[in-house]
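Letter by letter, the chains look like this.
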Amino acid sequence: MIKIKENVIFLIFLILLIFIHGKVNSKIKLGHINYNYQKHSINFKKEHLKYLNIGLNNFLSKIMWISTVLKFDDTHYKKRDLGSWLFLKLSTITDLDPFFYDAFLYGGQYLSIIKDDPLGAEYIYKKGLMNFPKDFWMNLNTGYNAFFELNKKNEGIH
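Reference entry: report on the structure contained in this document.

Points about the overall build of the protein chain
Point 1. Along the protein chain, the regular secondary structure elements total nine helices and zero strands.
Point 2. Start at the N end of the protein chain and walk to the C end: the helices and strands fall as α-α-α-α-α-α-α-α-α.
Point 3. Taking 2.2 N^0.38 as the reference for a compact globule, 158 residues should give roughly 15 Å; the C-alpha atoms of the protein chain span a radius of gyration of 24 Å, well beyond that estimate.
Point 4. Based on the C-alpha atoms only, the size of the protein chain along its principal axes is roughly 80 × 40 × 35 Å.

Spelled out as structure tokens, the structure:
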């Protein structure tokens, strides 16, 4: 037999706990965690990758892509020297797997628009166009980056 009185008391207790949790949670203000990936990112040189990957190029590139996407930030890269942590990661990923379309397309877009690193995006796009020369989106994004971000009008129109 179901005891209705015990269930009602338990339900009231549960609602009271949820209400108290909401009140306490609204009073506590947590600070924003700010992590600088530019200083703490680990990158491998292209020459060393052939010794470290033990034949698992595609696997390592996918793992690095997933970890990079999870770490995307919106901090602008102010220098114009191809030294952004995101550019270096994307360059490593595309060196491991030169046919990884998403790294070229979405990585280039992120570099160009969000990270404000159009030189890095241009390098990634041109690297991608070597393997996907007829791809519409890759050509469109490369032209957009050249025309609007780098002010290379002739190259952007071409």
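Still more ground to cover, so stick around.
Brief notes about the pattern of salt bridges
Point 1. One pass over the full model with this rule turns up six salt bridges.
Point 2. The partner of Asp-73 in a salt bridge is Lys-115, and the shortest N-O contact between them spans 2.8 Å. Pair noted here: Asp-73 is in the loop between helix 4 (57-70) and helix 5 (85-96) and Lys-115 is in the loop between helix 6 (101-114) and helix 7 (118-131), with a separation of 42 residues, a long-range link. In this structure, Asp-73 and Lys-115 share a single accessibility class: buried.
Point 3. With a shortest N-O distance of 3.0 Å, Glu-122 and Lys-152 are connected by a salt bridge.

Section: the packing of aromatic side chains
Point 1. Taken as a whole and judged by the stated rule, the model has eleven aromatic pairs.
Point 2. When the centroid spacing of 4.8 Å and the interplanar angle of 70 degrees are considered together, the rings of Tyr-35 and Tyr-37 count as edge-to-face.
Point 3. Plain terms: the ring middles of Phe-72 and Tyr-110 are 4.0 Å apart, the flat faces sit at 15 degrees to each other, and that makes the pair stacked. Of this pair, Phe-72 sits in the loop between helix 4 and helix 5 while Tyr-110 sits in helix 6, placing them 38 residues apart in sequence.
Point 4. Cluster of aromatic residues (ring-pair linked, three or more members): Phe-99, Tyr-101, Phe-104 and Phe-132.
Point 5. Here the basic side chain of Lys-62 rests over the ring of Phe-100, its NZ or CZ set 4.1 Å away from the ring centre.
Point 6. Over the ring of Phe-147 we find Lys-153, and its NZ or CZ is 4.5 Å from the ring centre.

Concerning the side chain of Ser-112
Point 1. You can see Ser-112 is positioned in helix 6.
Point 2. Classification of Ser-112 as buried rests on a relative accessible area of 3%.

A word on helix 6
Point 1. In a regular helix each residue adds 1.5 Å, so 14 residues correspond to 20 Å; helix 6 covers 19 Å between its end C-alpha atoms and thus fits that length.
Point 2. Here helix 6 has its buried residues at Ala-103, Phe-104, Leu-105, Gly-107, Gly-108, Tyr-110, Leu-111 and Ser-112.
Point 3. Contact partners of the buried residues in helix 6: helix 4, helix 5, helix 7 and helix 8 (136-149).
Point 4. Directly after helix 6, the chain includes Asp-116, whose backbone phi takes a positive value near 55 degrees.

Considering the nonpolar core
Point 1. Counting 21 residues, the largest nonpolar core has Trp-65, Leu-86, Leu-90, Ile-93, Leu-111, Ile-124 and Met-138 as its most contacted members.
Point 2. At the level of elements, helix 4, helix 5, helix 6 and helix 7 are the ones that each hand at least two residues to this core.
Point 3. A total of six residues in this core trace back to one element, the largest contributor, which is helix 5.

Some words on a nonpolar patch on the surface
Point 1. A contiguous nonpolar patch, built from Phe-10, Leu-11, Phe-13, Leu-14, Ile-15, Leu-17 and Ile-18 and spanning about 720 Å² of accessible area, is present on the exposed surface.
Point 2. Relative to the helices and strands, Leu-14 resides in helix 1 (residues 4-27).
Point 3. Residue classification places Leu-14 among the partly exposed positions, given a relative accessible area of 37%.

Describing the environment of Leu-82
Point 1. Mapping Leu-82 onto the fold places it in the loop between helix 4 and helix 5.
Point 2. The exposure class assigned to Leu-82 is partly exposed, which follows from its relative accessible area of 33%.
Point 3. The spacing of Leu-82 and Gln-109 is 27 residues in sequence and 15 Å in space, taken between C-alpha atoms.
Point 4. Apart from the residues lying within four places of it in its own chain, the contact partners of Leu-82 are Phe-87, Leu-88, Leu-119 and Gly-120.

Conventions used here
- Residues numbered from 1 in each chain as written.
- Predicted model: local features only at pLDDT ≥ 70, side-chain atom pairs only at ≥ 80, totals over all residues.
- Heavy atoms only, no water.
- Helix = DSSP H or I, 4+ residues; strand = E, 2+ residues; numbered from the N terminus.
- Rg over C-alpha atoms; globule rule 2.2 N^0.38 Å.
- Salt bridge = Lys/Arg side-chain N within 4 Å of Asp/Glu carboxyl O.
- Buried < 20%, exposed > 50% of the residue type's maximum accessible area, 1.4 Å probe, protein only.
- Phe/Tyr/Trp six-rings, centres within 6.5 Å; stacked < 30°, edge-to-face > 60°.
- Lys NZ or Arg CZ within 6 Å of the ring centre and 35° of its normal.
- Expected span 1.5 Å × (residues − 1).
- Contact = heavy atoms within 4.5 Å.
- Core = buried A, V, L, I, M, F, W, Y, C linked by side-chain atoms within 4.5 Å.
- Patch = residues over 30% accessible without salt bridge, like charges linked within 9 Å, V, L, I, M, F, W, Y side chains within 5 Å.
- Areas by Shrake-Rupley, 256 points an atom, 1.4 Å probe, with all protein chains shown as cover.

In short, shape yes, function no, at least from these values alone.
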